[in-house]
Amino acid sequence: MKLDSKIPEGPLAEKWTKHKFNLKLVNPANKRKYDIIVVGTGLAGASAAASLGELGYNVKAFCFQDSARRAHSIAAQGGINAAKNYQNDGDSVYRLFYDTIKGGDYRAREGNVYRLAQVSVNIIDQCVAQGVPFAREYGGLLANRSFGGAQVSRTFYARGQTGQQLLLGAYSALNRQIANGKVKMFPRTEMLDVVLVEGKARGIITRDLVTGKIEAHSAHAVLLCTGGYGNVFFLSTNAKGCNATAIWRAHKKGALFGNPCFTQIHPTCIPVSGDHQSKLTLMSESLRNDGRVWVPKKARPGLKAKDAVSIPEEERDYFLERRYPSFGNLVPRDVASRNAKNMCDEGRGVGSGLAVFLDFADAIKRDGRKTIEAKYGNLFDMYKQITGDDPYTSPMMIYPAVHYTMGGLWVDYNLMTTVPGLYALGEANFSDHGANRLGASALMQGLADGYFVIPYTLGDYLAGLSSEKIGTDRPEFKEALTNINATIQKFLSIKGKKTVDQFHRELGLTMWDYCGMARNAEGLKKAKIKIQQLRAEFWQNVNVLGSAGELNQELEKAMRVADFMELGELMIDDALNRDESCGGHFREESQTPEGEAQRKDDLFTYAAAWEYKGDNQPEVLHKEELLFENVKLTQRSYK
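Quick summary incoming for the structure in this document. In this text, all values refer to a predicted model and were calculated from it rather than measured experimentally.

With that out of the way, let us pick up the layout of surface pockets. Size it by volume and the second largest pocket reaches roughly 940 Å³. Lining the second largest pocket are 35 residues; nearest its centre among them are Trp248, Lys252, Glu566, Tyr612 and Asp615. When residues of the lining of the second largest pocket are traced back to their parent elements, those giving at least two are β6 (189-197), α7 (245-252), α14 (475-494), α16 (521-541) and α17 (553-577). The dominant element in the lining of the second largest pocket, judged by the number of residues it contributes, is α14, at nine residues. Among the residues forming the lining of the second largest pocket, the class breakdown is 14 nonpolar, six polar and 15 charged.

Set out below in structure tokens:
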């Protein structure tokens, strides 16, 4: 299989403009003849469904929550990047492009990333027009703050709830199209399979999560906007319901999976407190604008936050400021995470030993409590409610945790997967962030894909496709329905002795220990065997209570965890293959004398795209070579 990224020819700054002109169009009257399925209604899905409905297409939108407002996009707290240069501090589209390419450790496509930087400026205008209440300066202009990996202020924000406010904007646009009759919403409905007719994606199979009813839906194209797969690690900052089922089932139908081992570790997370937890809580990266990260210079086991206040300055190690003076506490997430882990490995961690301090004492002294409260008040309140400590009077404790996934379905420049008519948007695809996503770029990509990319590129595909509708009585739909029902009955018939969560927790611990912040060949091979054994036990010994024809969250979880196990094994294979350190993926065999990540550009300057070959069969690796014509590949340095 030859991978064609469809990146346009010509100068970088002109690629997207020329490409839009060369794309085929569907005239307004004909748009009404086409049906589009959108799975997921977070920022990417809601913006895509609203935009396509506005254009005149007939859209069916599916979400497993009771409302699109509950999509996990609301959890992105800190902000959204855009190259507006309102601060007049030297930002530009090219600088945003360069920072994103460099932050991803040169493992993303130039063409895609430049387009992302270009359309970022339109996103802010769109959201302001929708009424998103971005923070403003005294004079009324939109405010900006800095995020990791940049030396300019380009992050627009709405206090500490930017994702929620942006989603409400997209949700209002979506509701407008629902009221107009152009979008039909299917809440509490989960996609379980994609249906191919004559090699093209023409529909999906769903399960009503309240009644258990299995149904088929047909369309002319299918858009997957279902987020990432961080919950393969069990403990992550993702909502408990986030899963990989939609993209994994699409993968098994022929969509190649890009860079599955590329997962992002976020440095600013509330540390693990015990086995009772089902997820972890993120503290926004925006806090590193004013918070200083430190540990004691000498080990102080069990040091509590309230006691840290009395430790004098000369006994504190502000290790990010010491090691990376140019960027200080605003180094990219992978650098901050790895250094925090190193401090804890040295025995200088605080609290449980797996935490470092994030301290706001200097900022409060400099700017006053009211200023800090205006920026981060809801985040501080959330931290106090969870931990009992008050960040206004003592430092926060933070530790890295799994957050975002840069891997996802492989897509070309038009966001189409290797299955014609099947698209992946936002975190569900692999395309824009390389080996490490810079903070505040997830919201940017989701809205770029939904508002400003897919409305153009989808039309190009549909213009060459007959508008004739197909019925769900075709044999391809019937076969898919039969297979799904058989799988569900298999789950319910096992009657084993272990719960789904027990298997999931064991899978997650294996992934974190061997394919998390640091990895080596020996550990990855060990993890592969462990996961294979766990999968075999799962299908013999899981206990799924209840029945198919009812609300059954254990059945939902069982289907998702079965997919996580298969995906986890592919992540291990991908990590084994990529014998280099890059971005957030520290291969212990590949590091500089200073302990920094060491890329191997002569061997691994490609995107890995894996092809499914059948149950229990090894997947086949395809490589998309990455060409860098506008940036020079250098060792990343934030010093």
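We now examine the sheet that holds strand β9 (residues 221-224). Picture the strands of a sheet paired through backbone hydrogen bonds; they go either parallel or antiparallel. Pairing is parallel in the open sheet, where five strands are placed in the order β5-β2-β1-β9-β17. The outermost strands of the open sheet, each flanked by one partner alone, are β5 (183-186) and β17 (422-424). Adjacent strand axes in the sheet meet at a mean angle of 20°, parallel and antiparallel pairs treated alike. In the sheet, strand β1 (residues 35-39) pairs with strand β2 (residues 58-62) via five bridges, with the strands oriented parallel. Within β2, the position partnered with Val39 by the bridge is Phe62.

A few words on the environment of Asn231. Inspection of the secondary structure assignment puts Asn231 in the loop between β9 and α7. Along the primary structure Asn231 and His504 are separated by 273 residues, whereas in three dimensions their C-alpha atoms are 9.1 Å apart. The residues touching Asn231, leaving out its near neighbours within four places in the chain, are Ser236, Asn238, Ala239, Lys240, Cys242, His504 and Phe564. Polar side-chain contacts of Asn231 include one of 3.5 Å to the backbone oxygen of Lys240.

We now examine the packing of aromatic side chains. Within a pair of aromatic rings, the relevant descriptors are the distance that separates the centres and the angle that separates the planes. The full count for this structure, using the stated rule, is 25 aromatic pairs. Geometrically, the ring pair formed by Tyr376 and Phe380 is stacked, given 6.2 Å between the ring centres and 15° between the ring planes. Note that Tyr376 and Phe380 are positioned in helix α12 (residues 369-387) at a spacing of four residues, about one turn of the helix. Side by side, Tyr376 and Phe380 carry an identical accessibility label, which is buried. Seen from their ring centres, Phe503 and Phe538 are 5.2 Å apart, and the 85° between their planes marks the pair as edge-to-face. With a gap of 35 residues between them, Phe503 in helix α15 (residues 500-515) and Phe538 in helix α16 connect regions that are remote in the sequence. You can call Phe538 buried: its relative accessible area is 0%. Taken together through their ring pairs, the aromatic side chains of Phe360, Tyr376, Phe380 and Tyr392 make up a single cluster. A cation over a ring is seen here: Arg115 above Trp16, with NZ or CZ 4.8 Å from the ring centre.

Let us look at the packing of α16 against α17. One can describe the packing of α16 onto α17 by two numbers: an axis separation of 9 Å at closest approach and a directional angle of 160°. Of the possible angle classes, the one that applies to α16 and α17 is roughly antiparallel. α17 is crossed by α16, and the crossing has left-handed handedness. On the side of α16, the interface is formed by Ala521, Leu524, Lys525, Ala527, Lys528, Ile531, Gln532, Leu534, Arg535, Phe538 and Trp539, while α17 contributes Ala558, Val561, Ala562, Met565, Glu566, Gly568, Glu569, Ile572, Asp573, Ala575 and Leu576. Here the contact of α16 with α17 is built from residues that sort into 14 nonpolar, two polar and six charged.

Tracing the backbone shows Asp602 in helix α18 (residues 601-604). Since its relative accessible area comes to 69%, Asp602 is described here as exposed. For Asp602 and Glu346, which are 256 residues apart along the polypeptide, the C-alpha to C-alpha distance reads 33 Å.

For the rest of this paragraph, the subject is the packing of α7 against α17. Two numbers describe how α7 lies on α17: the axes approach to 10 Å, and their chain directions differ by 60°. Taken as axis vectors, α7 and α17 run oblique relative to one another. As α7 packs across α17, the resulting crossing turns out to be left-handed. Within the contact between the two elements, α7 uses Thr245, Trp248, Arg249, His251 and Lys252 and α17 uses Met559, Arg560, Asp563, Glu566, Leu567 and Leu570. Considering only residue class, the contact of α7 with α17 consists of four nonpolar, two polar and five charged.

Attention now moves to helix α13 (residues 442-462). Since there are 3.6 residues in each turn of an α-helix, residues three or four apart along the chain are aligned in direction. When the local axis directions of α13 are compared, the greatest deviation, roughly 55°, occurs at Val453, which is followed within four positions by the proline Pro455. With 19 of its 21 residues buried, α13 lies for the most part within the structure.

Cut-offs applied
Residues numbered from 1 in each chain as written. Predicted model: local features only at pLDDT ≥ 70, side-chain atom pairs only at ≥ 80, totals over all residues. Heavy atoms only, no water. 1 Å grid on protein atoms, 1.4 Å probe; cavity = no way out; pocket = protein on both sides within 12 Å on 5 of 7 lines; lining within 4 Å. Points joined across faces, edges and corners; volume = space filled by probe spheres on them. Helix = DSSP H or I, 4+ residues; strand = E, 2+ residues; numbered from the N terminus. Nonpolar A, V, L, I, M, F, W, Y, C, P; charged D, E, K, R; others polar. Pairing = 2+ DSSP bridges. Axes fitted to C-alpha atoms, helices over the stretch in contact; angles between N-to-C directions. Contact = heavy atoms within 4.5 Å. Polar contact = N/O pair within 3.5 Å; in protein donor to acceptor, adjacent residues only side chain to side chain. Phe/Tyr/Trp six-rings, centres within 6.5 Å; stacked < 30°, edge-to-face > 60°. Buried < 20%, exposed > 50% of the residue type's maximum accessible area, 1.4 Å probe, protein only. Lys NZ or Arg CZ within 6 Å of the ring centre and 35° of its normal. Parallel < 35°, antiparallel > 145°, perpendicular 65-115°, else oblique. Left-handed = near helix turned anticlockwise from the far one by under 90°. Bend = angle between axes of the 7 residues up to and from the residue.

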